[in-house]
Amino acid sequence: MASSLDDMEAYELLQIELDRSLQRFLPTIDPSTNKAQLQHFLNSWIEYICFVRHLWVWEEIVKESTNAAFMDWYKQLSGESLSLALLKEFQNSYK
């Protein structure tokens, strides 16, 4: 990681913004949703976008092909598969 904000890559700044957005998003979710599992899923998405793919252009991030690649990566990583609808809901709340 960079030593100052001026030295940060765009994807590192995006990661900070997404983390903050995630903290605002989680309390808005239906109480019957497993929030720990959802938080792990969305944190994994942030990791994938920012540190596996180094993306920062929003249009590229929300493309169907990027979402599909993430879902494949997450399933291989965790053995689990969560709803793409939850990911899209978070993406919509961020933008």
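A. A look at the overall build of the chain. From N to C terminus, the chain includes five helices and zero strands. Computed over its C-alpha atoms, the radius of gyration of the chain comes to 13 Å, within 12% of the 12 Å expected for a compact globule of 95 residues. Along the longest, intermediate and shortest principal axes, the C-alpha atoms of the chain span 40 × 25 × 25 Å. Taking all 95 residues of the chain together, the buried fraction comes to 36%. The long-range share in the chain, meaning contacts at least 24 apart out of those at least 6 apart in sequence, stands at 57%.

B. Representation of the pattern of salt bridges in the model. Counted under the stated rule, the structure contains two salt bridges. Its salt-bridge partner being E60, residue K63 comes within 3.6 Å of it at the nearest N-O pair. Under the relative-accessibility criterion, E60 is labelled partly exposed at 28%. The salt bridge partner of E64 is K88, with a shortest N-O separation of 2.6 Å. Taken together, the residues span a long stretch of sequence, with E64 in helix 4 (residues 64–78) and K88 in helix 5 (residues 84–94) at a distance of 24 residues.

C. Summary view of the side chain of S44. By secondary structure assignment, the location of S44 is in helix 2 (residues 35–52). At 2.9 Å, the side chain of S44 and the backbone oxygen of H40 are in polar contact. Beyond its immediate chain neighbours, meaning those up to four positions away, S44 contacts F70, W73 and Y74.

D. Region of the structure containing the side chain of Q91. Assignment of secondary structure puts Q91 in helix 5. Within the structure, the side chain of Q91 is placed 3.0 Å from the side chain of N67, a separation counted as a polar contact. Sequence-distant contacts of Q91, defined by excluding residues within four places in its chain, comprise W45, W58, I61, V62 and N67.

E. Spatial organisation of helix 5. Residues of helix 5 that are buried include every one of L86, L87, F90 and Q91, and no others. Axial view of helix 5: buried residues confined to an arc of 140°, hence all on one face. Residues of helix 5 that are exposed and point over 90 degrees away from its buried face: A85 and N92. Tucked into the core, helix 5 has its buried residues touching helix 1 (10–25), helix 2, helix 3 (58–61) and helix 4. Backbone nitrogen of A85 and a side-chain oxygen of the N-cap are separated by 3.0 Å at the start of helix 5; the cap is S83.

Reading the values: rules and limits
- What you see as residue numbers is a count from 1 along each chain, following the sequence as written.
- In keeping with the predicted nature of the model, local features appear solely for residues at pLDDT of at least 70, side-chain atom pairs appear and are counted solely at 80 or more, and the whole-chain, interface and lining totals rest on all residues.
- Hydrogens and waters are ignored; side-chain quantities use all the structure's heavy atoms.
- Elements are defined by DSSP. Helices are runs of H or I of four residues or more, strands are runs of E of two residues or more, and each kind is numbered from the N terminus.
- Taken over C-alpha atoms, the radius of gyration is set against a globule rule of 2.2 Å times the number of residues to the power 0.38.
- When a residue's accessible area, from a 1.4 Å probe over protein chains only, is under 20% of the maximum for its type it is buried; when over 50% it is exposed; and in between it is partly exposed.
- Should any heavy atoms of two residues lie within 4.5 Å, those residues are counted as being in contact.
- Whenever Lys or Arg places a side-chain nitrogen within 4 Å of a carboxyl oxygen from Asp or Glu, that contact is recorded as a salt bridge.
- N or O atoms within 3.5 Å of each other form a polar contact, as long as, within protein, one can give a hydrogen and the other can take it, and as long as residues adjacent in sequence are counted only when both atoms are side-chain atoms.
- Arc definition: directions from the helix axis to the C-beta atoms.

Keep in mind these numbers describe shape, not what the thing actually does.
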